[in-house]
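The residues making up each chain are set out below.
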Amino acid sequence: MDEIRNGNDANGRGTHKDGAGRGALLKKLALWIGLAVCIAFIAWVAWGFLQFDHDIENPREGGFSGWQCDADHDCGS
């Protein structure tokens, strides 16, 4: 029991200072990187929705060819 309290495991091998091995650090880093990628993807999708909404509201500014306009109005050109 004293070995574990002194920073050694039951077999006498030393462990990392905070009790976590190198694998735990890599897992933690991978989780943070994954979280950052997820946040970036969500921001990219949200930006796409905002751009799409802008294009729907303003068809003459050049996002669409006029297919979303009323049948009796020409708003593409």
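Preceding block: the structure.
### Here we look at the overall build of the protein chain
Tallying secondary structure elements over the protein chain gives 2 helices and 0 strands in all. Evaluated residue by residue, the protein chain yields a buried proportion of 5% over its 77 residues. Taken as a whole, the protein chain presents about 7000 Å² of accessible surface, with 61% of it coming from carbon and sulfur.

### A word on a nonpolar patch on the surface
Taken together, the side chains of Leu26, Leu29, Ile33 and Val37 define a hydrophobic patch exposed on the protein surface, amounting to about 390 Å² of accessible area. With respect to the element layout, Val37 can be found in helix 2 (residues 22–57). Under the relative-accessibility criterion, Val37 is labelled exposed at 54%.

### Looking at the packing of aromatic side chains
Taken as a whole and assessed by the stated rule, the structure comprises 1 aromatic pair. Measuring from ring centre to ring centre gives 5.9 Å for Phe41 and Trp44, while their planes differ by 45 degrees; the resulting arrangement is tilted. Note that Phe41 and Trp44 are positioned in helix 2 at a spacing of 3 residues, about one turn of the helix.

About the criteria used
- Residues numbered from 1 in each chain as written.
- Predicted model: local features only at pLDDT ≥ 70, side-chain atom pairs only at ≥ 80, totals over all residues.
- Heavy atoms only, no water.
- Helix = DSSP H or I, 4+ residues; strand = E, 2+ residues; numbered from the N terminus.
- Buried < 20%, exposed > 50% of the residue type's maximum accessible area, 1.4 Å probe, protein only.
- Areas by Shrake-Rupley, 256 points an atom, 1.4 Å probe, with all protein chains shown as cover.
- Patch = residues over 30% accessible without salt bridge, like charges linked within 9 Å, V, L, I, M, F, W, Y side chains within 5 Å.
- Salt bridge = Lys/Arg side-chain N within 4 Å of Asp/Glu carboxyl O.
- Phe/Tyr/Trp six-rings, centres within 6.5 Å; stacked < 30°, edge-to-face > 60°.

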